[in-house]
Amino acid sequence: MSVRLTAHVQTWRPYTLPYPGFVGLAGAAIAGGTPGPAHFAAAAVVPVLVWLGGHYLGDWFDRELDAIEKPQRPIPSGRLSPRAALISAVVCEVGAAVVALAVDWRVLVLLALGVVGIAAYSRVCKGRGISGNLVRGALTALAVLCGATCVPGGQVWVAVPFALVFLLHDTASNLVGAVRDVGGDQAGGYRSVPVRRGVAYGARLAQSLYGSALATAAACVLLPLHERTSYLVLLIAATAMGAWVFGGLLSQGDGITRESALRAHEVLVAERLVLACAVTAAGAGAAFAVTVLVPVLVFSVLTQNAMRSTHEIPPAEPRKVTAP
């Protein structure tokens, strides 16, 4: 594989790519209506393309910060030029817009909001405390609504509570990522929650948000769901994974290391796929949802093991990521 192609693949973060597609699929499944294969495909493809464009755009905005803390990444290492990253972002977003217009003009509106949110997160909100984490969570909420809007005759209102679930969930997981990155954020002048209040506080706040997401998800059982039992079983499985993550993080107090925070976030990357599977099962049945889950979960775990540590942490001695 050429150096340039490898740089693009690393920018994609392949271990994250199934997630936005699965969330969009969940939105389509829960909305009811009369979806065909093309509508399900659009519900997955549009969020994935927007997500890919967001990776390029985020890395373009973060190139100076990454040069400080993550010089091994494609742009600061010189393997991917800033111009190539920006062009790639535009290509991805234009591709998403073409698919959106082929389905429903309202999907294009949600897509535009997503692109604005990506720029706002990377350029303005990321270094300004909880607002950045909330914007990141809102991007996944938009993917749920995008999926629901792709379905002819779909009841988008049914997807709104689930959009709130993913907003709270991804705000929490993004906070765990901020705990991991506190050293670089502090060096770059970012005022994230862990930089301002410490990593232990950041982990506790993430746990509270995660708990709120699960409580909202449990309340969604009152909605007109196709399969409640499968939904609850998969929701319990996701809850068990999250409890393991936050139990381990909180037990470390102020001694959370960058490496342990990365391991916690890796589990959350798998856990959120199970959560998306639960919502999909609620609308389209367990057989369909689990059939999607198994290959994407295996793909995500394998690519994380192969790629993620070197993408997030440059070769160095392990060190604590406590903040003053």
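Residues numbered from 1 in each chain as written. Predicted model: local features only at pLDDT ≥ 70, side-chain atom pairs only at ≥ 80, totals over all residues. Heavy atoms only, no water.

Undergrad: I'd like to hear about the overall build of the protein, residue by residue, with values.
TA: On a plain count of helices and strands, the protein comes out with 14 helices and zero strands. Ordered by position in the sequence, the α and β elements of the protein form the string α-α-α-α-α-α-α-α-α-α-α-α-α-α. Its C-alpha atoms give the protein a radius of gyration of 19 Å, near enough to 20 Å, the size a compact globule of 324 residues would have. By principal-axis analysis of the C-alpha atoms, the protein measures approximately 55 × 45 × 35 Å. For the protein, with 324 residues in total, the buried portion stands at 55%. (Helix = DSSP H or I, 4+ residues; strand = E, 2+ residues; numbered from the N terminus. Rg over C-alpha atoms; globule rule 2.2 N^0.38 Å. Buried < 20%, exposed > 50% of the residue type's maximum accessible area, 1.4 Å probe, protein only.)

Undergrad: Tell me about the pattern of salt bridges, and please be specific about residues and values.
TA: Per the counting criterion, the structure on display carries eight salt bridges. Here D66 and R73 are joined by a salt bridge, their closest N and O atoms 3.6 Å apart. We classify D66 as buried; its relative accessible area is 5%. A salt bridge links D181 to R180, with the shortest nitrogen-to-oxygen separation between them at 2.9 Å. (Salt bridge = Lys/Arg side-chain N within 4 Å of Asp/Glu carboxyl O.)

Undergrad: Could you give an account of the packing of aromatic side chains, naming the residues involved and the relevant values?
TA: Scanning all chains against the criterion turns up six aromatic pairs. Seen in terms of ring centroids, F162 and Y231 are 6.0 Å apart; in terms of plane orientation they differ by 85°. Their pairing is edge-to-face. With F162 in helix 8 (residues 156-180) and Y231 in helix 12 (residues 228-251), this pair connects stretches of sequence that are 69 residues apart. You'll find F162 and Y231 in the same group, each marked buried. The ring of W60 has R63 lying over it, and the distance from NZ or CZ to the ring centre is 4.5 Å. When the ring centre of Y19 is taken as origin, the NZ or CZ atom of R272, which lies over that ring, is 4.2 Å away. (Phe/Tyr/Trp six-rings, centres within 6.5 Å; stacked < 30°, edge-to-face > 60°. Lys NZ or Arg CZ within 6 Å of the ring centre and 35° of its normal.)

Undergrad: A description of helix 11 (residues 199-219) should follow, citing residues and the corresponding values.
TA: A turn of α-helix holds 3.6 residues, and therefore any two residues three or four places apart point the same way. Across its 21 residues, helix 11 extends 30 Å between first and last C-alpha, which sits within 8% of the 30 Å expected from 1.5 Å per residue. Inspection of helix 11 places V199, A200, G202, A203, A206, L209, Y210, A213, L214, T216 and A217 among the buried residues, and these make up the whole buried set. Residues of helix 11 that are buried make contact with helix 7 (130-149), helix 8, helix 9 (182-187), helix 10 (193-197), helix 12 and helix 13 (258-284). (Expected span 1.5 Å × (residues − 1). Contact = heavy atoms within 4.5 Å.)

Undergrad: Hey, could you go over helix 14 (residues 286-312) for me, with residue numbers and the actual values?
TA: The largest bend in helix 14 amounts to roughly 45° and is located at Q304. Taken together, the buried positions of helix 14 are occupied by A289, V292, L293, V296, S300, T303, Q304, M307, R308, H311 and E312. (Bend = angle between axes of the 7 residues up to and from the residue.)

Undergrad: Could you give an account of the nonpolar core, naming the residues involved and the relevant values?
TA: Counting 90 residues, the largest nonpolar core has F22, I30, V46, F162, F166 and Y231 as the members making the most contacts within it. Considering each element in turn, this core owes the most residues, twelve residues, to helix 13. If near-sequence neighbours (up to four positions away) are discounted, I30 is found in contact with V158, A159, F162, L225, V279, A282 and G283. (Core = buried A, V, L, I, M, F, W, Y, C linked by side-chain atoms within 4.5 Å.)

Function-wise, these values are silent; they only describe arrangement.
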